[in-house]
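Per-entry structural report
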Amino acid sequence: MDFLETQEQTMLRQAIAEIAGDFGHEYYAERGRRGEKVGELWEALATGGFVGVNIPEHYGGGGMGIYELSIVCEELAVHGLPLLILIVSPAIAGSIIVKFGTDQQKQSWLPELATGQRRIAFAITEPDAGSNSHRIATTATRDGDVYRLNGQKYYISAVDEADDVLVVTRTGTDSETGKAQLSLFVVPTDTPGFTMQEIDMEMVSPENQYTLYFDNAEVPVDRLVGTEGDGLRQVFEGLN
């Protein structure tokens, strides 16, 4: 196996290093101390086409892969500019939608993910489950043309910057094992019944952590990603 990077990957690393060098860690830290975002950095990455390097070309992305997106994340971190939203939005959410989304969902969400116009946070962890998917308690119950979400998520990154949240829910329980049958929903952050509360953190970062609350939050059925009850496989496609 060849572990040497290709010329294209090396050029990508150099391009990200150049952008990161224009900002530097002090920019990141100062924004974090003031409770501000790093919008200029995000715009620079988006303009260069680097936010969606792993999104297929026919949806406006770079047509590369997770390795290339990891190069973007690594080079930013080397310069003191780590961005969690790159991991949860184009990496986790993007990968899941590419593989399991309907044609309509892909056409609606992937082009804007690729250009950085849309950001999707990812919500799996819960106070009593962590990221143990078998113990997830947040439920989604079908009611005609909608699902009703109820429950709580914990330590969810950058929700205040996101347009939507990809939420992992329990839609059933396996009768033999007692484990959760999971389903994933792309939930707009302005959905009635969905609220967030910032978690006080000791670290200095422009990206915040949140507790999310779902109180009978109504989500249309066309925002179910993949097959109901098959969410465990879908989740690990993104996490892996």
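Residues numbered from 1 in each chain as written. Predicted model: local features only at pLDDT ≥ 70, side-chain atom pairs only at ≥ 80, totals over all residues. Heavy atoms only, no water.

Digging into a nonpolar patch on the surface
A surface patch of nonpolar side chains, amounting to about 360 Å² of accessible area, comprises Tyr154, Tyr155, Met201 and Met203. Among the residues examined, Tyr155 registers a relative accessible area of 38% and is labelled partly exposed. (Patch = residues over 30% accessible without salt bridge, like charges linked within 9 Å, V, L, I, M, F, W, Y side chains within 5 Å. Areas by Shrake-Rupley, 256 points an atom, 1.4 Å probe, with all protein chains shown as cover. Salt bridge = Lys/Arg side-chain N within 4 Å of Asp/Glu carboxyl O. Buried < 20%, exposed > 50% of the residue type's maximum accessible area, 1.4 Å probe, protein only.)

Comments concerning the packing of aromatic side chains
Per the stated rule, a full pass over the model turns up 4 aromatic pairs. Plain terms: the ring middles of Phe23 and Tyr27 are 4.9 Å apart, the flat faces sit at 55° to each other, and that makes the pair tilted. Since its relative accessible area comes to 15%, Tyr27 is described here as buried. The lysine or arginine in question, Arg119, covers the ring of Trp42, its NZ or CZ lying 4.6 Å from the ring centre. (Phe/Tyr/Trp six-rings, centres within 6.5 Å; stacked < 30°, edge-to-face > 60°. Lys NZ or Arg CZ within 6 Å of the ring centre and 35° of its normal.)

Focus: the packing of helix α4 (residues 66–78) against helix α5 (residues 84–100)
For the pair α4 and α5, interaxial distance at closest approach is 11 Å and the crossing angle is 175°. If you check the angle between α4 and α5, you find them roughly antiparallel. Facing Ile66, Leu69, Val72, Cys73 and Leu76 of α4, the residues of α5 in contact are Leu86, Ile87, Pro90, Ala91 and Ser95. Grouping the constituent residues of the contact of α4 with α5 by class yields 9 nonpolar, 1 polar and no charged. (Axes fitted to C-alpha atoms, helices over the stretch in contact; angles between N-to-C directions. Helix = DSSP H or I, 4+ residues; strand = E, 2+ residues; numbered from the N terminus. Parallel < 35°, antiparallel > 145°, perpendicular 65-115°, else oblique. Contact = heavy atoms within 4.5 Å. Nonpolar A, V, L, I, M, F, W, Y, C, P; charged D, E, K, R; others polar.)

A look at the pairing of strand β7 (residues 209–220)
Alignment of strand β3 (residues 146–157) against β7, held across 10 bridges, turns out to be antiparallel. Directly across from Gly151, in β7, lies its bridge partner Phe214. Inspection of the sheet shows strand β6 (residues 194–198) paired to β7 by 5 bridges, in the antiparallel sense. Its bridge partner lying in β7, Thr195 is registered against Tyr213. (Pairing = 2+ DSSP bridges.)

Re unusual backbone geometry
With phi around 55°, Ala158 is a residue other than glycine that occupies positive phi space. Note on Ala158: relative accessible area 0%, which makes it buried. For Asn216, which is not glycine, the phi dihedral falls at a positive 60°. When you line up the elements, Asn216 lands in strand β7. What makes Asn216 partly exposed here is its relative accessible area of 38%.

Points about the nonpolar core
One finds Leu41, Leu45, Val72, Leu76, Leu83 and Leu166 to be the most contacted residues of the largest nonpolar core, which totals 48 residues. In terms of residue count, the dominant contributor to this core is α5 (9 residues). When sequence neighbours within four positions are dropped, the list of residues in contact with Leu83 reads Tyr28, Val38, Leu41, Trp42, Leu45, Leu76 and Glu207. (Core = buried A, V, L, I, M, F, W, Y, C linked by side-chain atoms within 4.5 Å.)

Points about α5
Its 17 residues place the ends of α5 23 Å apart at the C-alpha level, agreeing with the 24 Å of an ideal helix rising 1.5 Å per residue. Maximum bend of α5: about 35°, positioned at Gly94. Burial of α5 is extensive: 13 of the 17 residues sit out of reach of the surface. (Expected span 1.5 Å × (residues − 1). Bend = angle between axes of the 7 residues up to and from the residue.)

Side note on the environment of Ile16
Along the chain, Ile16 turns up in helix α1 (residues 7–21). Here the alpha-carbon distance between Ile16 and Ile71, two residues 55 residues apart in the chain, equals 8.3 Å. For Ile16, the residues in contact, after removing those within four places along its chain, are Leu45, Phe50, Val72, Glu75 and Leu76.

Things to note about the pairing of strand β2 (residues 139–143)
Two strands pair when backbone bridges link them, and β2 and β3 are joined in this way by 5 bridges, in the antiparallel orientation. When the sheet's bridge partners are listed, Ala140 is paired in β3 with Leu149. Hairpin connection from β2 to β3: 2 residues lie between these consecutive antiparallel strands, with Gly144 at a positive phi of about 70°.

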